[in-house]
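Listed here are the chains, written in short residue letters.
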Amino acid sequence: DNFATIVKAVVNGRGVYTNIKNSINFLLSGNMAGILCVLLTSILGLSVPFAPVHLLFINLLTDSLPAIAIGVEPATGGLLDQKPRNPKEPILTRGLLGKIFAYGAIIAAAVMAAYFIGLRDSGADLAMTMAFSTLTLARLFHGFNCRGLPSIFRIGLTTNKASIGAFFAGVVLLAAVLFIPGLNTLFEVAPFTMKEIGLVVVLALLPTVVIQIYKVINDAVQASRRK
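**Q** Would you explain unusual backbone geometry in this entry?
**A** The backbone of Glu188 sits at a positive phi, close to 55°, despite the residue not being glycine. Relative to the helices and strands, Glu188 resides in the loop between α8 (183-186) and α9 (194-226). Exposure remark for Glu188: the relative accessible area of 47% places this residue in the partly exposed category.

Encoded structure:
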């Protein structure tokens, strides 16, 4: 009995569909990074960068929280400016697949840098620990990249408090695994220095910095086209 609800329904529908695609982007690009790392070490004949328990931890705990947060991202006003999508269009479009591979490759480069630093400094155990830590933390940062097409500066860091909560919960879980006696043994974590922890943080943050710079440039290009 109120045609204004049609507009709200369109916004909600497009918002849900967008969040589904963003969640898929987050999950698959993160997994792509892990696959590329394992593939590269296999080709080079090096020790594996992750233990099975590391991948289980990432997929079951630290990945699920940001993905859920992305799923509750508020709908933006620009959704009504979009043209209606083709109902026959698949969710995994060519553009989305390209982003998944590109994001995965950027994260994988950072993880492999951490792996080779650990391998050089102390051997396979430290290399595995640094690769695991970098991949986990990089994927937590990556959750902010996948909240939408614009940069985080346009979306607003605090517009989705669930994403902030998911990030800090993931960081706490990672810290528990790395530093609590018993857990670090269970998760096959080698001891490492504050310098190496700092390298892990920097390398994990670097992919998000690169992606956000690209998004800022893309935002500026799109704004100039609209003028």
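**Q** Looking at this model, I keep getting lost on the environment of Phe101. Mind explaining?
**A** Structurally, Phe101 is set in helix α4 (residues 94-121). When the C-alpha atoms of Phe101 and Met112 are compared, they prove to be 16 Å apart, with eleven residues separating the residues in sequence. Apart from residues lying up to four places away in sequence, Phe101 is in contact with Met32 and Leu36.

**Q** Hey, could you run me through the nonpolar core in this one?
**A** Note on soluble globular proteins: their nonpolar side chains tend to be buried together. Counting residues in each nonpolar core, the largest one holds 35 residues, and the members touching the most others are Phe50, Val111, Met130, Phe132, Leu135 and Phe192. Mapped by element, the contributors of at least two residues to this core are α1 (4-44), α2 (52-62), α4, α5 (124-145), α7 (161-179) and α9. Tallying contributions element by element places α5 first for this core, with eleven residues. Beyond its immediate chain neighbours, meaning those up to four positions away, Met130 contacts Ala114, Ile117, Gly118, Phe192, Glu196, Leu199 and Val200.

Conventions and cut-offs
- Residues numbered from 1 in each chain as written.
- Predicted model: local features only at pLDDT ≥ 70, side-chain atom pairs only at ≥ 80, totals over all residues.
- Heavy atoms only, no water.
- Helix = DSSP H or I, 4+ residues; strand = E, 2+ residues; numbered from the N terminus.
- Buried < 20%, exposed > 50% of the residue type's maximum accessible area, 1.4 Å probe, protein only.
- Contact = heavy atoms within 4.5 Å.
- Core = buried A, V, L, I, M, F, W, Y, C linked by side-chain atoms within 4.5 Å.

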